[in-house]
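Descriptive structure summary
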Amino acid sequence: MEEKEVLNFIEQIIEEDIHNKKNDGRVHTRFPPEPNGYLHVGHAKSICLNFALAAKYGGKTNLRFDDTNPSTEETEYVESIKKDIQWLGYQWDGEVLYASDYFGQLYEYAIQLIKAGKAYVDDSTPEAIAEMKGTPTTPGTISPYAARSIEENLDLFEQMKTGEFEDGSKVLRARIDMASSNMHMRDPILYRIKKVPHHRTGSTWNIYPMYDMAHGYSDSIEGITHSVCTLEFEVHRPLYNWLIEQVEVFHPQQIEFARGNVSYMITSKRKLLKLVKDNYVSGWDDPRMPTISGMRRRGIPAEALRNFWIGIGVARRENLIDISHLEFHVREVLNRTAIRVMGVLNPVKLVITNYPDDKTETLEIINNPEDKDAGSRKVPFSKTLYIEREDFKKEPQNKKYFRLAPGKNVRLKGAYIIHCEDFIVNEDGIVSEIHCTYYPDSRSGSDTSGVKAKGTLHWVSIPHAVKAEARIYDRLFTVPEPINHEEGKDFLDFYNENSLKILPNIYVEPSLKDISKDTHLQFMRKGYFILDEDSTFDNLIFNQTTTLRDTWGKISKR
RNA sequence: UGCCCCAUGGUGUAACGGUAGCACACCGGUUUUUGGUGCCGUUUGUCAAGGUUCGAAUCCUUGUGGGGCAACCA
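Given the structure is predicted, the values throughout are model-derived calculations rather than measurements. Along each chain, residues carry numbers from 1 onward, in the same order as the chain's sequence is written. Naming scheme: in the order in which they are written, chains are lettered from A and ligands are numbered from 1. Totals for whole chains, interfaces and linings use every residue, but because this is a predicted model, local features are given only for residues with pLDDT of at least 70 and side-chain atom pairs only at 80 or more, for both listing and counting. With hydrogens and water set aside, each side-chain value is computed from the structure's full complement of heavy atoms.

Things to note about the pairing of strand S18 (residues 431–438)
The buried fraction of S18 is high, at six of eight residues. Bridging between strand S12 (residues 347–352) and S18 involves four bridges; their strand directions are parallel. Across the sheet, the residue bridging to Ile 352 is Cys 436, located in S18. Note that strand S17 (residues 417–425) and S18 share seven bridges and pair antiparallel. In the sheet register, Val 425 faces S18, and the bridge partner there is Val 431. Note on pairing: DSSP must find at least two bridges between two strands before they are called paired. Working definition: helices are DSSP H or I runs of at least four residues, strands are E runs of at least two. Numbering for both runs from the N terminus. Hairpin connection of S17 to S18: five residues between the antiparallel strands, including Gly 429 at a positive phi of 80°. Buried, partly exposed and exposed residues are distinguished by accessible area as a fraction of the type maximum, computed with a 1.4 Å probe on protein chains only: under 20%, between the cut-offs, and over 50%, respectively.

The following block contains the structure:
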């Protein structure tokens, strides 16, 4: 069977370029974050795209920090961004690069533009510049400073550099077309004065390049062949091209794609910061956060995140991706890799009345039916057990119910089949104890009893149980699109008050005392979990990554 | 009321003038010592109207709808 490979539109461009021997068939991409915040799902898409594209065509991907605004950028973010990229499973080519590495070269390009009569120093106030810019429907007006001589511009720009002028008093602008239908071509600002220490260059510079000045030239300097960015930069492309053409340097191609919006998630830096600052979440790495660090802490495998974005693909239309796509990939990876263990989240006591009082058996239970190499572990079994409260019903209504109820049989996972005889109700009317008998010859692996049981329950032996805490997470918002959901409503109006539920008294099997922090677990029949960063040997804390698919949950609700 | 981009099942994405496909979700069946997993199957779509063509999701025109553009941010 011949299967046609499906190419996305960027791959089509690249393959055409390779076919035409453009750039000698070279493919070189880059991921250009600004170090002023933490990476989130949206960045993950860009990372996956850039690295996967280069990998597919035998190319390279640079990591370049776009650090041209010293007032907002910090080294702290550089470190977290590097960590997140590596965690995602990617390694940039060579050293980490910075736009600030090119400040000297960028300054030279600016001089070249001035000498060619393509840039001038403007003394206008920010308000005046905005005024002269016009609006999308009305053309702008030419600055009174646009007519300065090349010599004067050279001199003034030099003085801007050496710090002769105050912040905001002068800018360097490109001389293009104040009547352009593209606002970005109306003599855009190239350099501004900012006497602010830079996280890498310190106080060396008094002027800093704007995005358009820095980005394309940085791409060019690095020999980037395909400069992939999001749709909102589309209107910048003519300027990107113009700047490069003026100085006749290597010309990368900018290609825009639609950012991926995921339901129940937001990616606005400002709004994310609000959640952190106002304590809606515990921090940038709160497991409910759409940040890469949050998802990591939640237990989402990097592989799942990668598969998700690669699977979603890339196009140029607006989109809202249903979060179930992500959940699918999380479960797909975890089903293959997670160690199956038993933990009872909402315990009720069960006594096996015909089991010897002080007997303990050690049962061998397989770690992962999907992975033979995962081996097995020993789990202690005794007369008294915890089972899940929801696994017992006094009077089941549904005919298809096959968990525990008086007179019913059920298999205890990896152990015996038991028969429910009776139960005790406390003064509040709550079931406090369930009494069962067991079939001694029904032990898992050597069952000769002939007894049938439709359901299988997970359990924990009370004398051996380890008390722990579980944190159950739900989506952060109550609606899929909390931004612009409803006229006059803020995204915080849709904050999900129940997005975190703490279960302080769960009981887990003793093997979990020895588990490492990055081991993905499946609490059988309950969901996928991972140890939280706050967890200690004496106080185990488990984060629920996601639940298992719950067919019964759907049926029983009907 | 200017310019630019976009429009394919519920969601995401293919088909590049020649049978509208894949994944997720949903629904049904089957297997199962996890009501998990696996396996099988059903339903659902080309924004609208014209035009070109033997033939249009694809090309053209107009309309409709959505998004972007007026930071000394990136």
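Notes on the packing of helix H2 (residues 41–56) against helix H11 (residues 302–312)
In contact at an axis separation of 9 Å, H2 and H11 are set at 75° when each is read in the N-to-C sense. Comparing the axis directions of H2 and H11 gives the class roughly perpendicular. Contact residues: H2 offers Val 41, Ala 44, Lys 45, Cys 48 and Ala 52, while H11 offers Leu 305, Arg 306, Trp 309 and Ile 310. Broken down by class, the residue content of the contact of H2 with H11 amounts to seven nonpolar, no polar and two charged. Note on definitions: angles span 0 to 180 degrees between N-to-C directions of axes, and those axes are lines fitted to C-alpha atoms, for helices only across the stretch in contact. Orientation categories follow fixed angle ranges, with anything under 35 degrees roughly parallel, anything over 145 roughly antiparallel, 65 to 115 roughly perpendicular, and all other angles oblique. Contacts between residues were defined by any pair of non-hydrogen atoms, one from each residue, lying within 4.5 Å. Amino acids outside the nonpolar list (Ala, Val, Leu, Ile, Met, Phe, Trp, Tyr, Cys, Pro) and the charged list (Asp, Glu, Lys, Arg) are all regarded as polar, and Gly is one of them.

What about the packing of aromatic side chains?
Geometry of aromatic contacts follows a simple scheme: Phe, Tyr and Trp rings, the Trp one being its six-membered ring, pair when their centres are within 6.5 Å, and the pair is stacked under 30 degrees between planes, edge-to-face over 60, tilted otherwise. In the structure shown here, the tally under the stated rule is 24 aromatic pairs. Ring centres of Phe 65 and Tyr 98 lie 5.5 Å apart, and the angle between their planes is 25°; this geometry places the pair in the stacked category. Of this pair, Phe 65 sits in strand S2 (residues 60–65) while Tyr 98 sits in strand S3 (residues 97–98), and the two are 33 residues apart along the sequence. Site record: aromatic cluster; members linked through ring pairs are Phe 103, Tyr 107, Phe 157, Tyr 191, Trp 205 and Tyr 208. We note Lys 170 situated over the ring of Phe 165; from NZ or CZ to the ring centre the distance is 4.1 Å. Lysine NZ or arginine CZ positioned within 6 Å of the ring centre and within 35 degrees of the ring normal marks a charge as sitting over the ring. Positioned over the ring face of Trp 87 is Arg 296, at 5.4 Å from the centre of the ring.

With respect to the domain arrangement of chain A
The domain boundaries here were taken from an automatic or database domain assignment. Considered domain by domain, chain A is made up of domain 1 (9–257), domain 2 (262–339 + 468–555) and domain 3 (349–365 + 378–451). For domain 1 and domain 2, the distance between their C-alpha centres works out to 35 Å. Contacts between the two partners involve 25 residues from domain 1, matched on the other side by 23 residues from domain 2. Summed over both partners, the accessible area (1.4 Å probe) lost when two parts come together is defined as the buried area. Taken as a group, Val 41, Lys 45 and Trp 87 account for 32% of the area that domain 1 buries against domain 2, more than any other trio of residues on that side. Salt-bridge detection follows one rule: a side-chain nitrogen of Lys or Arg within 4 Å of a carboxyl oxygen of Asp or Glu. Counting every contact that joins domain 1 to domain 2 gives three salt bridges. The partner of Asp 84 in a salt bridge is Arg 296, and the shortest N-O contact between them spans 3.0 Å.

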